[in-house]
Amino acid sequence: MQNGLLLIDSLNLIRRLHAALESETDEVRRIERTQSLCIDALAKLVTQFEPLYMAIVFDSPAKTWRHKLFPEYKLGRAPMDDSLLEAMPRFAEVFRFNGWPCLRLTGWEADDLIATLAFKASQHHIPSMIVSTDKGYTQLLQYPYILQYDYFAKIGYDAYWVEQKYGVKPELLPDYWALVGDTTNHIPGVKGIGPKSSVEILKEKCSLEEVYADLSIYPDKFQKLLDGQLEHCQFARTMVTLRTDVEIGIRLPQLRLKR
């Protein structure tokens, strides 16, 4: 990915490294050690992928459009430690000190910002590497020039990996998750439909709308489960689909790494 765009899901990286230091009882020391581990990880990633551009993307603390549409979004997810939450601005300061561009936009999750940056780069034939363990990004692998990397498992994801993992192409993942649900973000699917059933339902289909165009082709058990659920599925799909049209107000040259 030499001369491409390296995109870091900052919270994903920081929280996992912070969690690995749970034996550290001194909170100040734990934050400092987490920062050191992050710097080491980012330096390794820059060396490994040799990007021309880079963005370490942070979540906005404000409510997002998903919370407005669905107040129960992410309900039940373990909250971030208060000490880590308070330290977030310092993480950004440390990263910028090392010459790594950081980005945050009020009212937007890092997921949508990263998706928008990767998609726009793809349109200009610029490769992007998204570093995160969040499988939500795998829907973006439908686009050329976009890949994902799990820093902790040292595994890269591409469109072929998606089909082997889920049984559907990347572009159908939002439809797939609309049927099975997204438990991580507390978005319910269709009751009674699991991963295998979802793959069978979507087989040779291009969308949920095509599925609902003729439910009679499915076994009775699927017809009963799906009946009357199109509107819910469309809503769930909207919730799990990453936005690629965010007006970020930043141009790619502004993310160029300083050597």
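This write-up is about the structure you can find in this document.

About the criteria used
Residues numbered from 1 in each chain as written. Predicted model: local features only at pLDDT ≥ 70, side-chain atom pairs only at ≥ 80, totals over all residues. Heavy atoms only, no water. Helix = DSSP H or I, 4+ residues; strand = E, 2+ residues; numbered from the N terminus. Buried < 20%, exposed > 50% of the residue type's maximum accessible area, 1.4 Å probe, protein only. Arc of directions from axis to C-beta. Contact = heavy atoms within 4.5 Å. Polar contact = N/O pair within 3.5 Å; in protein donor to acceptor, adjacent residues only side chain to side chain. Axes fitted to C-alpha atoms, helices over the stretch in contact; angles between N-to-C directions. Parallel < 35°, antiparallel > 145°, perpendicular 65-115°, else oblique. Left-handed = near helix turned anticlockwise from the far one by under 90°. Pairing = 2+ DSSP bridges. Salt bridge = Lys/Arg side-chain N within 4 Å of Asp/Glu carboxyl O.

What about unusual backbone geometry?
Non-glycine residue Glu50 carries a positive phi angle of around 50°. Summarising the element assignment, Glu50 is placed in the loop between α2 (27-49) and β2 (53-57). In the Ramachandran plot, Tyr145 falls in the positive-phi region, its phi being about 75° despite a non-glycine side chain. With respect to the helices and strands, the residue Tyr145 is situated in the loop between β4 (128-131) and β5 (146-150).

Looking at helix α6 (residues 159-166)
At 3.6 residues per turn, the α-helix brings residues three or four places apart onto the same side. Among the residues making up α6, those that are buried are Trp161, Val162 and Tyr166. Buried residues in α6, looked at end-on, bunch into an arc of 105°, giving them a common side. Residues of α6 that are exposed and point more than 90 degrees away from the buried face comprise Tyr160 and Gln164. Buried residues belonging to α6 abut β6 (155-157), α7 (173-180) and α8 (195-202). Sitting at the head of α6, Asp158 places a side-chain oxygen 3.2 Å from the backbone nitrogen of Tyr160. After α6 finishes, the residue Gly167 shows a positive phi value of roughly 90°.

Brief notes about the packing of α7 against α8
Where α7 contacts α8, the axes come no closer than 9 Å and their chain directions differ by 130°. If you check the angle between α7 and α8, you find them oblique. Two packed elements cross with a definite hand, and for α7 against α8 that hand is right-handed. Across the interface between the two elements, Asp175, Tyr176, Leu179 and Val180 of α7 pack against Pro195, Ser198, Val199, Ile201 and Leu202 of α8.

A closer look at the sheet that holds β5
Across the sheet, which stays open at both edges, the six strands sit in the order β3-β2-β1-β4-β5-β6 with mixed pairing between neighbours. Whereas interior strands pair on both sides, the edge strands pair on one side only; in this sheet they are β3 (102-103) and β6. Pairing geometry for β5 and β6, over three bridges, is antiparallel. When the sheet's bridge partners are listed, Gln148 is paired in β6 with Tyr157. Across the sheet, helix α1 (residues 10-19) is in contact with β1 (5-9) and β2; its angle to β1 comes to roughly 50°. Packing against the sheet, α2 makes contact with β1, β2, β4 and β5, and its axis sits at approximately 155° to β1.

Considerations on the pattern of salt bridges
When charged atoms on two side chains of opposite charge get close, those side chains can pair. Scanning all chains against the criterion turns up eleven salt bridges. Put simply, Lys44 and Asp40 hold a salt bridge, and the shortest N to O gap is 3.2 Å. Taken together, the residues span about one helical turn, with Lys44 and Asp40 both in helix α2 at a distance of four residues. With a relative accessible area of 44%, Lys44 lands in the partly exposed category. Its relative accessible area of 37% is what places Asp40 among the partly exposed residues. With its nearest N and O atoms 3.5 Å apart, the salt bridge here joins Lys169 to Glu163.

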